[in-house]
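Spelled out from the first residue to the last, the chains are:
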Amino acid sequence: MTDIREITDLAIDAARGAGEIAMEGFRRDGLRVDLKQDFHDLVTVYDRRCEEHIRERIEERFPGSAIVGEEGGASGEGSLTWHIDPIDGTANFARGMALWAVCIGVALDGEMVSGVVYDPANDQLFWADDRGAFLGDEPLVSRGSEDPRQATVIANFPLPRDLVHFPELALSQFARLSEDYSHYRAIGSSAVSLCWVAAGWADATFSFGANSWDVAAAAFIVRRAGGTYVTYAGGEPQPAERDYENPHYLALIPGARYDLLHDIMREQSRRP
Ligand code: IPD
Ligand code: CA
Ligand code: CA
């Protein structure tokens, strides 16, 4: 039988180890930053080293796992799948902004069982499994205001990729968000944004075009903390099963009455 708590322990250990490696490069003079797909998409040697460290730890303890990592791609087959983002928020990391995290989400036969998001620069360890969701040893409770006028929404929207298909719509939605919600913020890490919703420090977050490594761990933490996580495709909300594979998501505190955010999800998820 698979012991979920052993999986969580390993994920926490591996994330802490990766966090230590990343901290060696954080705010380091002369840190080299390379481009991946374009000039918005950055990578450093620390992204690669952190992922290698996590992969080694998994392969030692849980050989025969499947791993899906941002830098190393997909490898292996097995009932356990580890979704790894070694540094979520690389653009912040590369500039010295303490808004990035190591993410490890684990699914057993496709169902999420464990999630770890470690923000080493602020020494914050968010994690969840069958015991619930926690920040360190403290239980996480997603909570906030049901009223948009008192709500803080975090999202990197519109990103350049959100301006490809419906640019005018995206800009008008951005204007409505700024007007109708108390505070609108972009912090450059999907995983940290989701964990802040889980912690009740923000009321909602959303994005289009995410990958499983960006969201698998943190979406699970949101749900275990009592928050809502929903994905959209083709203008419709999608079933929860394996929804960490869906690119367009919205996370909310429980009871949120944020019609505009659902409208944005519906309209923007119709992109081809
Ligand atoms: C990025 C961050 C960012 C989100 C991008 C992601 P990375 O991840 O999560 O907040 O808007 O879509 O790619 O590249 O820093 O791992
Ligand atoms: Ca990421
Ligand atoms: Ca990354």
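The rules we used
- Residues numbered from 1 in each chain as written.
- Chains lettered and ligands numbered in written order.
- Predicted model: local features only at pLDDT ≥ 70, side-chain atom pairs only at ≥ 80, totals over all residues.
- Heavy atoms only, no water.
- Helix = DSSP H or I, 4+ residues; strand = E, 2+ residues; numbered from the N terminus.
- Rg over C-alpha atoms; globule rule 2.2 N^0.38 Å.
- Buried < 20%, exposed > 50% of the residue type's maximum accessible area, 1.4 Å probe, protein only.
- Contact = heavy atoms within 4.5 Å.
- Areas by Shrake-Rupley, 256 points an atom, 1.4 Å probe, with all protein chains shown as cover.
- Lys, Arg positive; Asp, Glu negative; His and termini not counted.
- Charge placed at Lys NZ, Arg CZ, Asp CG, Glu CD.
- Near = heavy atom within 4 Å.
- Polar contact = N/O pair within 3.5 Å; in protein donor to acceptor, adjacent residues only side chain to side chain.
- Nonpolar A, V, L, I, M, F, W, Y, C, P; charged D, E, K, R; others polar.
- Donors = N, O, S within 2.8 Å, 3.2 Å for Na, K, Ca; no water.
- Arc of directions from axis to C-beta.
- UniProt positions renumbered as here; feature names shortened; annotations may be inferred.
- Pairing = 2+ DSSP bridges.

1. Describing the overall build of the chain
Consideration 1: A count of helical and extended segments in the chain gives seven helices and 16 strands.
Consideration 2: Taking 272 residues into account, the globule formula puts the C-alpha radius of gyration at 19 Å, and the chain, at 18 Å, falls close to it.
Consideration 3: Considered along the principal axes of its C-alpha atoms, the chain spans approximately 50 × 45 × 35 Å.
Consideration 4: Counting across all 272 residues of the chain, residues that qualify as buried make up 53%.
Consideration 5: Of the contacts formed within the chain by residues at least 6 apart in sequence, a portion of 64% connects residues at least 24 apart.
Consideration 6: Accessible surface computed for the chain: about 12300 Å², of which carbon and sulfur atoms make up 46%.
Consideration 7: Within the chain, the 44 negative side-chain charges are centred at a point lying 3 Å from the centre of the 25 positive side-chain charges.

2. A word on the site of ligand 1
Consideration 1: Around ligand 1, the surrounding shell holds 13 residues, and the nearest of these are D88, G89, T90, N156 and R161.
Consideration 2: Between an oxygen atom of ligand 1 and a side-chain N or O atom of E70, the distance comes to 3.2 Å.
Consideration 3: At 3.3 Å from an oxygen atom of ligand 1 is found a main-chain nitrogen or oxygen belonging to G188.
Consideration 4: Its free accessible area being 380 Å², ligand 1 has 84% of it covered by the protein chains.
Consideration 5: Residues that form the shell around ligand 1 fall into these classes: two nonpolar, six polar and five charged.

3. Some words on the environment of A14
Consideration 1: Here A14 shows up in helix α1 (residues 4-25).
Consideration 2: When the C-alpha positions of A14 and P63 are compared, they lie 15 Å apart, and in sequence the two are 49 residues distant.
Consideration 3: Apart from residues lying up to four places away in sequence, A14 is in contact with H53, I54, R57 and I104.

4. Thoughts on the coordination of the calcium ion (ligand 2)
Consideration 1: Within the first shell, the calcium ion (ligand 2) binds the protein through D85 (OD), D88 (OD) and D214 (OD), at distances of 2.1 to 2.2 Å.
Consideration 2: Between consecutive donors of the calcium ion (ligand 2), the numbers of intervening residues give the motif D-x2-D-x125-D.
Consideration 3: A separation of 3.7 Å is found between the calcium ion (ligand 2) and the calcium ion (ligand 3), which are bridged by D85. Taken as a pair, D85 in strand β5 (residues 80-88) and D214 in helix α6 (residues 212-224) lie far apart in primary sequence, 129 residues in all.
Consideration 4: Overall, D85 belongs to the buried group, its relative accessible area being 0%.

5. Some remarks on helix α7 (residues 259-268)
Consideration 1: Residues of α7 that are buried include every one of L260, L261, I264, M265 and Q268, and no others. The buried residues of α7 all sit within an arc of 140 degrees when viewed along its axis, so they share a single face.
Consideration 2: Contact partners of the buried residues in α7: β11 (152-154), α4 (167-180), β13 (204-207), β14 (228-233) and β16 (249-252).

6. A look at the coordination of the calcium ion (ligand 3)
Consideration 1: Looking at the metal site, the calcium ion (ligand 3) is ligated by E70 (OE), D85 (OD) and I87 (O), spaced 2.2 to 2.3 Å from it.
Consideration 2: Here the donor residues for the calcium ion (ligand 3) map to a single chain with the spacing E-x14-D-x1-I.
Consideration 3: E70 sits in the partly exposed class, given a relative accessible area of 24%.

7. A few points about the UniProt feature "binding site: Mg(2+)" (unreviewed entry) in the chain
Consideration 1: Mapped onto the present numbering, the UniProt feature "binding site: Mg(2+)" (unreviewed entry) falls on E70, D85, I87, D88 and D214. These annotated residues cover 145 residues of sequence, and their C-alpha atoms lie no more than 9.5 Å from one another, placing them together at a single site.
Consideration 2: For I87, the position within the fold is in strand β5.
Consideration 3: Judged by its relative accessible area of 1%, I87 falls in the buried class.
Consideration 4: Within the secondary structure, D88 is located in strand β5.
Consideration 5: Every residue in contact with D88, bar those within four places of it in the chain, is listed here: L99, W100, A101, C103, S189, S190, A191, V192 and D214.
Consideration 6: Among the polar contacts made by the side chain of D88, one reaches the side chain of S189 at a distance of 2.7 Å.

8. Here we look at the pairing of β14
Residues in a regular strand project their side chains so that they alternate between the two faces of the sheet.
Consideration 1: Pairing analysis gives four bridges linking β14 to β16, with the strands arranged antiparallel. Within the sheet, the bridge partner assigned to V230 lies in β16 and is L250.
Consideration 2: What sits between β14 and strand β15 (residues 236-237) in their antiparallel hairpin is a turn of two residues, with G234 showing a positive phi close to 55 degrees.

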